[in-house]
Amino acid sequence: MTDKADEIYDAMGAVLTRWTMGSAAASAAPFWRAELGEEPAEAELRLLALSGQFLGITVTAEPASTLRVLPDIPTLALPTLPETLRPLARRILAAKKQAQGKTELVDFLAARGWTMHPADWMPTAGDDDAPDVYAPWRDWMEFAASNNAARRQTNDHITAGNWDDFWPAARKAALAELRRHDPSAARAVLEAKLGNESADTRLRLLSLLSERLSNEDIAFLEAIVADDRAPKVKALATSFLARLGHGPAAGEEIAELAGFFAVKTKGLLRRSRVIDFQTPKTPAQWQRRKALLDGTDLTSFAGALGLAPLDLIAAWEWKVDTAADAGLIKLIAETGTDAQLAQAAQIVSEHNAAGFIVALAPRLAPTDRTRFAAVGLHTHGIGFEMAQVIAGAAARLDDPLSAPSGVKLLAEIRRDDAKPSDHAAEFHALGLLTSQTAAQQTLQRLTAAGLLQGDPRLDMLRLNAALDDQGEKP
C-alpha cells in the first residue's frame, strides 16, 4: 500500500471501535475531511461508504487455518428424490419444526426406496434415528467436523480385525446387517470389541442383539451383567436375558408383588382363569406396586402367580386397572419374548386399547404393525396420528379415508366454520399411512370435498401420490 493507504488503514481500527460503541467516528478520519463535509450526520454516512469501499479493495480475508479439501459426499444405496419432488419435500421439512416430524419423512422415503437430496437434508453424525441407508452421510459429517482424521472406508464385511476401518455409523449398520444374516458372527465381533467403546456406544451396539436373540447369546449377556461398568448397559442385557427366560430369581419382592393380584376362575361350563386385582388402598401402596412391577420380568411375575407368561396375558382383564395394565405392558415390551409380545398385542387390540399397542409396536413385525393400525382405524375409531405411530414407516393402507376418522375428517372440512389450519397433523399422518394409489384417490376425494389443490395440509399426501413406490414390501 501507499503511505496514504497505510494511514487510512491504520485509522480504520479507531473508526470501527467508535462505531461499535455507538459514537461518531468522523473526527478519527481527518484524511477524508474534505470528502466528509461539515454536517455531522452526513459525514458519518459518507465515512461509512468510503470505509466500506476502502476495506473491500485493500483487505483480503484469509482463512484462519489450513483449508481442507473434503471428499465428495458419498452416494447412498438408494436414489435421491426426483428433482420435481424436492421442493415439496423441502416444504414438508420446513413445516415440521420437531425432529420427530423430520424423522417420519426420511423413514417414509427410505421405506419407499428413496433418500433426501443432501442439499435439502443431512443427518448429523450422532443422528441414531436416521435410517441405516444414511450411515455414509453420518460418517462423512463426522469426518468433516474432525481434525486431521484419516478417511476410513471399507466395503468388506465387518470383523474384529477390520473394526477400526469403519466409521461409527457404518460400523453399526454393518453389524446390524451381519446380525440379520449371521447372528453368531455378529455376537463374536461384539464380544471382542464392545468393551473398548463408550457407554452410549455400547448401549447402541448391544441393542442390535434384539434381532434374532437366542439362547446362544446368554453367556455373553451374563458376562455384561456381571462386568459392564454402565447401569444402562447392564439393564439392557438384563432385559434380553429376561426375554430368554433368565430373569431375576423370584424372592420376597416377587411374592410381595403377587400379593396385589389373585388368580380366580369364572364360568360354569368353560371355567377360565382371570386375574383379580387387589386394589391398593393408599398412595404408598400404589407406588410400591409400581416399583415392584418395574423391578421384575414377565416370566418371574407369571411364575409367582402360578401361571405361564402366555396364560397370564390371556387371563389379564384389561381396562379394569389402567396402572396395572401399563405396568404389565412395560414388562411385556422389555422382557417378553416375540411370541408373548405378539399375543399381548392381539389381545390388547381386541380390547380396544390402542394406546398400549403403541408401546408394543417397535418390536412387532411391519406386517403386524400395519394390521393393528388398520384394525384400530376401522374397528376402534382411532385417529390417523395414532394409527401412523402404530404402523410406522412401512404402512401402505388402502382407503383409510373410509375409516370412522376419515368420515369425521370429511365432515369437519365441510363445516362452514372450518379453518385453514384445522387437522393439519391428521392430514400429514394420513399422507404417511396410505399406499400410493390410495393417496391419489384420497387427494381426489378431499379436493372434491372442498380443499384447495395447493392446500399445504395436503403436502404429504401429494408427495406420496407422486412418488413411485420402489421399496421392499413387508
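For clarity, every value in this text was computed on a predicted model and none was experimentally measured. (Residues numbered from 1 in each chain as written. Predicted model: local features only at pLDDT ≥ 70, side-chain atom pairs only at ≥ 80, totals over all residues. Heavy atoms only, no water.)

## Some remarks on the overall build of the protein chain
Part 1 of the reasoning: For the protein chain, the helix and strand inventory stands at 24 helices and 2 strands.
Part 2 of the reasoning: Overall size of the protein chain, expressed as C-alpha extent along the three principal axes, is 110 × 65 × 50 Å.
Part 3 of the reasoning: For the protein chain, the exposed area adds up to about 24700 Å²; of that, 53% sits on carbon and sulfur atoms.
Part 4 of the reasoning: Across the protein chain, the centroid of the 51 positively charged side chains sits 6 Å from that of the 62 negatively charged ones. (Helix = DSSP H or I, 4+ residues; strand = E, 2+ residues; numbered from the N terminus. Areas by Shrake-Rupley, 256 points an atom, 1.4 Å probe, with all protein chains shown as cover. Lys, Arg positive; Asp, Glu negative; His and termini not counted. Charge placed at Lys NZ, Arg CZ, Asp CG, Glu CD.)

## Quick notes on the nonpolar core
Part 1 of the reasoning: One finds Phe261, Ile275, Phe301, Leu312, Trp316 and Leu446 to be the most contacted residues of the largest nonpolar core, which totals 63 residues.
Part 2 of the reasoning: At 6 residues, the largest contribution of residues to this core is made by helix H16 (residues 322–335).
Part 3 of the reasoning: In contact with phenylalanine 261, not counting residues within four places along its chain, are Ile275, Asp276, Phe277, Gln278, Arg289, Phe301, Leu305, Trp316 and Ala324.
Part 4 of the reasoning: Grouped together as the second largest cluster of nonpolar side chains are 27 residues, Trp163, Leu194, Leu221 and Ala237 included. (Core = buried A, V, L, I, M, F, W, Y, C linked by side-chain atoms within 4.5 Å. Buried < 20%, exposed > 50% of the residue type's maximum accessible area, 1.4 Å probe, protein only. Contact = heavy atoms within 4.5 Å.)

## Side note on the packing of helix H6 (residues 135–145) against helix H7 (residues 168–181)
Part 1 of the reasoning: Where H6 meets H7, the axes come as close as 7 Å, and the angle between the chain directions of the two elements is 155°. One element, H6, and the other, H7, form an angle in the roughly antiparallel class. Contact with H6, carried on its side by Ala135, Arg138, Asp139 and Glu142, involves Pro168, Ala169, Ala170 and Ala173 of H7 and no other residues of that element. (Axes fitted to C-alpha atoms, helices over the stretch in contact; angles between N-to-C directions. Parallel < 35°, antiparallel > 145°, perpendicular 65-115°, else oblique.)

## Side note on helix H24 (residues 459–466)
Part 1 of the reasoning: Counting buried positions along H24 gives 7 out of 8 residues, so the element sits mostly inside the fold.
Part 2 of the reasoning: Here H24 has its buried residues at Asp459, Met460, Leu461, Arg462, Leu463, Asn464 and Ala465.

## Quick word on the environment of glycine 245
Part 1 of the reasoning: Examined against the element boundaries, glycine 245 turns out to sit in the loop between helix H11 (231–243) and helix H12 (252–258).
Part 2 of the reasoning: Note on glycine 245: relative accessible area 45%, which makes it partly exposed.
Part 3 of the reasoning: Sequence separation between glycine 245 and histidine 117 is 128 residues; the distance between their C-alpha atoms is 46 Å.

## Focus: the packing of aromatic side chains
Part 1 of the reasoning: Evaluation of the coordinates by the stated rule reveals 12 aromatic pairs.
Part 2 of the reasoning: Taken together, a centroid distance of 5.8 Å and an interplanar angle of 70° make the contact between phenylalanine 261 and phenylalanine 277 edge-to-face. Of this pair, phenylalanine 261 sits in strand E1 (residues 261–266) while phenylalanine 277 sits in strand E2 (residues 272–277); the two residues are 16 residues apart in sequence, bridging distant segments of the chain.
Part 3 of the reasoning: Taking the relative accessible area as the measure of exposure, phenylalanine 261 reaches 5% and is therefore buried.
Part 4 of the reasoning: Judged by its relative accessible area of 11%, phenylalanine 277 falls in the buried class.
Part 5 of the reasoning: On the numbers, 6.4 Å between centres and 70° between planes, the contact of phenylalanine 301 with tryptophan 316 is edge-to-face. Taken together, the residues span a long stretch of sequence, with phenylalanine 301 in helix H14 (residues 298–304) and tryptophan 316 in the loop between helix H15 (309–315) and H16 at a distance of 15 residues. As far as burial versus exposure is concerned, phenylalanine 301 and tryptophan 316 are alike and both buried. (Phe/Tyr/Trp six-rings, centres within 6.5 Å; stacked < 30°, edge-to-face > 60°.)

## Observations regarding the packing of helix H20 (residues 384–391) against helix H22 (residues 424–433)
Part 1 of the reasoning: In contact at an axis separation of 8 Å, H20 and H22 are set at 35° when each is read in the N-to-C sense. When you trace H20 past H22, the crossing you get is left-handed. Here H20 contributes Phe384, Glu385, Ala387, Gln388 and Ala391 to the contact with H22, which in turn contributes Ala425, Glu426, Ala429, Leu430, Leu432 and Leu433.
Part 2 of the reasoning: Within the contact of H20 with H22, the residues separate by chemical class into 8 nonpolar, 1 polar and 2 charged. (Left-handed = near helix turned anticlockwise from the far one by under 90°. Nonpolar A, V, L, I, M, F, W, Y, C, P; charged D, E, K, R; others polar.)

## Things to note about the pattern of salt bridges
Part 1 of the reasoning: Applying the stated criterion to the full structure yields 30 salt bridges.
Part 2 of the reasoning: The closest approach of N and O atoms between aspartate 217 and arginine 187, which form a salt bridge, is 2.8 Å. Of the two residues, aspartate 217 is situated in the loop between helix H9 (199–206) and helix H10 (218–227) and arginine 187 in helix H8 (residues 183–193); the sequence distance between them amounts to 30 residues. Arginine 187 matches aspartate 217 in its accessibility class, with the two residues each being buried.
Part 3 of the reasoning: The closest approach of N and O atoms between glutamate 334 and lysine 330, which form a salt bridge, is 3.4 Å. With glutamate 334 and lysine 330 both in helix H16, this residue pair falls 4 residues apart, about one helical turn.
Part 4 of the reasoning: Taking the relative accessible area as the measure of exposure, lysine 330 reaches 36% and is therefore partly exposed.
Part 5 of the reasoning: Because the salt bridges share partners, they merge into one network encompassing Glu83, Arg86, Arg90 and Asp120. (Salt bridge = Lys/Arg side-chain N within 4 Å of Asp/Glu carboxyl O.)

## Observations regarding the environment of proline 400
Part 1 of the reasoning: Along the polypeptide, proline 400 turns up in the loop between H20 and helix H21 (404–413).
Part 2 of the reasoning: Between the C-alpha atoms of proline 400 and glutamine 285, which are 115 residues apart in sequence, the distance is 44 Å.
Part 3 of the reasoning: Sequence-distant contacts of proline 400, that is, excluding residues within four places in its chain, are made with Leu377, Phe384, Gly406, Leu430, Thr434 and Ala438.

## Points about H8
Part 1 of the reasoning: Three or more residues of H8 are buried, namely Pro183, Ala186, Arg187, Val189, Leu190 and Lys193. Projected down its long axis, H8 shows its buried positions confined to an angular sector of 155°, all on one face.
Part 2 of the reasoning: Buried residues along H8 sit against H7, H9 and H10. (Arc of directions from axis to C-beta.)

## Thoughts on the side chain of serine 146
Part 1 of the reasoning: Mapped onto the fold, serine 146 is located in the loop between H6 and H7.
Part 2 of the reasoning: Given a relative accessible area of 18%, serine 146 falls into the buried group.
Part 3 of the reasoning: If we skip the residues at most four places from it in the chain, serine 146 touches Arg68 and Trp167.

## Some points on unusual backbone geometry
Part 1 of the reasoning: Even without glycine at this site, arginine 212 takes up a positive phi of about 60°.
Part 2 of the reasoning: Within the fold, arginine 212 resides in the loop between H9 and H10.
Part 3 of the reasoning: The phi angle at aspartate 399 is positive, at roughly 55°, despite the residue not being glycine.
Part 4 of the reasoning: With respect to the secondary-structure elements, aspartate 399 resides in the loop between H20 and H21.

## Let's talk about the side chain of arginine 243
Part 1 of the reasoning: Along the polypeptide, arginine 243 turns up in helix H11.
Part 2 of the reasoning: Buried charge without a partner: arginine 243 forms no salt bridge, and the closest opposite charge is aspartate 338, 5.2 Å away.
Part 3 of the reasoning: At 3.4 Å, the side chain of arginine 243 and the backbone oxygen of glutamate 334 are in polar contact.
Part 4 of the reasoning: If near-sequence neighbours (up to four positions away) are discounted, arginine 243 is found in contact with Ser210, Leu213, Ala333, Glu334, Thr335, Gly336, Thr337 and Arg363. (Polar contact = N/O pair within 3.5 Å; in protein donor to acceptor, adjacent residues only side chain to side chain.)

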